[in-house]
Amino acid sequence: MYCPYCNENLLSSSSEKLSNREVEVFECKRCNKKSYIVKLKAYEENPIGYTLASGLFIGSFYVSFPLNIMMLIVAIIIAIYLMMNKDTIVYKPQKELYDEEKNSSSSIFFVLIFIAVVVFIFNNGSEDKPIGKKVVFKSTKDMDIRLKGYREAVEWYKESSVFSESAFNLGNFYINKYKDYIKAIKYYKEAYKIDSLEKAAFKIALAYEDLENYEEAIEWYFKLMKSDGLIRSDALMNIALLYKSKLKDYTNAIKYYEIAIKEYIYGARRGIAWLYHENLKDDIKASAYMINRLTITKDKEKDKEELNDLINFFKNRWNISDETIKKGYELQLTMPGLPRRYKGGI
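Residue indices follow the written sequence of each chain, beginning from 1 at its first position. Reporting of local features is limited, given that this is a predicted model, to residues whose pLDDT is at least 70; pairs of side-chain atoms are given and counted only at 80 or more, and all residues count toward the totals for whole chains, interfaces and linings. Hydrogens and water molecules were not included; the side-chain quantities draw on all heavy atoms of the structure.

### Details of the overall build of the protein chain
Quick reminder of the rule: Comment: elements are numbered from the N terminus, with helices defined as DSSP H or I runs of at least four residues and strands as E runs of at least two. Per-residue accessibility, obtained with a 1.4 Å probe over protein chains only, is compared with the maximum for each type, and a residue is labelled buried under 20%, exposed over 50%, and partly exposed between these values. We call two residues contacting when some pair of their heavy atoms lies within 4.5 Å. Reported accessibility uses the Shrake-Rupley method at a 1.4 Å probe radius. Residues are deemed covered only where the shown protein chains occlude them.
A tally of regular secondary structure across the protein chain gives 15 helices and three strands. Across the 346 residues of the protein chain, 38% fall into the buried class. The long-range fraction of contacts in the protein chain, counting pairs at least 24 apart against all pairs at least 6 apart in sequence, stands at 49%. Taken as a whole, the protein chain presents about 21300 Å² of accessible surface, with 54% of it coming from carbon and sulfur.

Printed below as a string of structure tokens:
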């Protein structure tokens, strides 16, 4: 070890207590000046890094996904870096030791303030926060008094003008807790307005059904016709069912059942078959759609059993003749709009 003042290698060592901790002292035999090596603790070797890692770790418990995961990853990276860079402090003059302690305290203070500000900002609007827009949460001053006993409902109310999921959850709360469809529709519409939340549109339609406002329900189901998957299938079938059962508009009911049939939506052929049987008294078309539901598989016995069950259903439930059943079978072989034909015979 060399003296930092005269670069002499003639040093004597001893231990002293400096600034309330043990330090190793090296005294140069040539210039008689002292240098010090402090056995630092982990947080003393790199106070800023240690404070930053600790702050990110603690702060991750107060913010939402995915920000909390990002903060944890950064904290782990900093911790690994600190462990890989231990014992990097070399011996220094006494004045530098005091200056380091003073600067470290100041650095820790400012880093803590920075972390507190970051956590506060993200904890008050990090989830789905609209970029470039001012986020304003609702005041509880005009809040429905029925919400005050439910902490989650209060939070949903405050966030309902900003986050679609909060508005959606509040709509569910009003229906499940109070059967208040008007209030529920209000918050479902807020959820839909924020980011066109499809499940909110579906819930609005269902709520209008419960209020017996079927035209409005159909309008909201129509908003889902451009969607994909199960929510479109359910909307399409509900439109057909409302036209059939509630509005008695059989032309439109048939129209949407036929669209559903072309899209292989389960239950569409059965639904239109019941419409022709119950409402239009056309048992030939009714039986045609029911027969078309039959399939031909490798299990001949099972296929025969399903056919016999259907014929018994026609005769015992619908009270239709063998001749009508035969005409229905022949019709479904040529009837337009069916994605496939049943050719197993009657």
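Still more ground to cover, so stick around.
### Considerations on the pattern of salt bridges
Where charged atoms from two side chains of opposite charge come close, those side chains can pair. What counts here: Put simply, a salt bridge is a Lys or Arg side-chain nitrogen that is within 4 Å of an Asp or Glu carboxyl oxygen.
Scanning the model with the defined rule gives nine salt bridges in all. Arg-146 is paired through a salt bridge with Asp-144; the nearest N and O atoms lie 2.9 Å apart. With relative accessibility at 28%, the residue Arg-146 sits in the partly exposed group. A salt bridge links Lys-315 to Asp-322, with the shortest nitrogen-to-oxygen separation between them at 2.9 Å. In this structure Lys-315 comes out as partly exposed when scored by relative accessible area, which is 35%. By relative accessible area, which is 48% here, Asp-322 ends up partly exposed. Within the structure, one salt-bridge network assembled from shared partners comprises Asp-144, Arg-146 and Asp-180.

### So, the side chain of Asp-283
Put simply, the rule reads: None of His or the chain ends enter the tally, which takes Lys and Arg as positive and Asp and Glu as negative. Here a polar contact is taken to be a pair of N or O atoms separated by no more than 3.5 Å, where protein atoms must pair a possible hydrogen donor with a possible acceptor and residues adjacent in sequence count only if both atoms sit in side chains.
By secondary structure assignment, the location of Asp-283 is in helix H13 (residues 283-292). In this structure Asp-283 is buried but unpaired, with Lys-281 as the nearest side chain of opposite charge at 7.8 Å. Side-chain polar atoms of Asp-283 contact the side chain of His-277, separated by 2.6 Å. The contacts of Asp-283, once residues within four sequence positions are left out, are His-277, Ile-320 and Thr-324.

### With respect to a negative patch on the surface
Heads up, the condition is: Put simply, a patch holds well-exposed residues, over 30% relative accessible area, that have no salt bridge, with like charges counted together within 9 Å and Val, Leu, Ile, Met, Phe, Trp or Tyr side chains within 5 Å. Charged groups are reduced to one reference atom each: NZ for lysine, CZ for arginine, CG for aspartic acid, CD for glutamic acid.
On the surface, a cluster of negative charge is contributed by Asp-299, Glu-301, Glu-305, Glu-306 and Asp-309. Following the sequence through the fold, Glu-305 ends up in helix H14 (residues 300-318). The exposure class of Glu-305 is exposed, given its relative accessible area of 51%.

### With respect to the confidence of the model for the protein chain
The line we're drawing: On a scale of 0 to 100, pLDDT captures the predictor's confidence in every residue.
With 72% of its residues at a pLDDT of 70 or more, the protein chain shows a mean pLDDT of 82. The model gives residues 87-92 a pLDDT under 50, and that stretch makes 14 contacts with residues more than four places away or in other chains. Counted against residues more than four places away or in other chains, residues 97-104, with its pLDDT under 50, gives nine contacts.

### Overview of the packing of aromatic side chains
Quick note on the threshold: Ring pairs shown here join Phe, Tyr and Trp side chains whose ring centres sit within 6.5 Å, with only the six-membered ring taken for Trp; geometry is labelled stacked below 30 degrees between planes, edge-to-face above 60, and tilted in between.
In total, this model carries 16 aromatic pairs according to the counting rule given. Between the aromatic rings of Tyr-243 and Tyr-256, the centroid separation amounts to 6.0 Å while the plane-to-plane angle is 10°, which identifies the pairing as stacked. With Tyr-243 in helix H10 (residues 230-246) and Tyr-256 in helix H11 (residues 250-262), the pair connects residues that are 13 residues apart, well separated along the chain. Looking at Tyr-243, the relative accessible area reads 11%, which means it is buried. For the ring pair Phe-314 and Trp-318, a centre distance of 5.7 Å and an interplane angle of 35° mean the geometry is tilted. Taken together, the residues Phe-314 and Trp-318, both in helix H14 and four residues apart, mark about one turn of the helix. Of the two residues, Phe-314 and Trp-318, both sit in the buried class. Members of the aromatic cluster, joined through ring pairs, are Tyr-150, Phe-173, Tyr-174, Tyr-178 and Tyr-187.

### Things to note about the nonpolar core
Our working definition: Nonpolar cores were defined as sets of buried Ala, Val, Leu, Ile, Met, Phe, Trp, Tyr and Cys residues, with membership established by side-chain atoms within 4.5 Å.
With 71 residues, the main nonpolar core has Leu-147, Leu-170, Tyr-221, Tyr-289, Ile-291, Phe-314 and Trp-318 as its most contacted residues. Among the elements that make up this core, the one with the highest residue count is H10 (eight residues). When sequence neighbours within four positions are dropped, the list of residues in contact with Phe-314 reads Ser-287, Met-290, Ile-291, Asn-319, Ile-320 and Ile-325. Membership of the second largest hydrophobic core comes to six residues, among which are Leu-56, Leu-67, Ala-75 and Ile-78.

### Observations concerning unusual backbone geometry
Within the chain, Lys-281 stands out as a residue other than glycine whose phi angle is a positive 55°. As for its placement among the helices and strands, Lys-281 is situated in the loop between helix H12 (268-279) and H13. Taking relative accessible area as the criterion, Lys-281 reaches 63% and is therefore assigned exposed. Although it is not a glycine, Asn-319 adopts a positive phi angle of roughly 55°. Mapped onto the secondary structure, Asn-319 falls in the loop between H14 and helix H15 (322-334).

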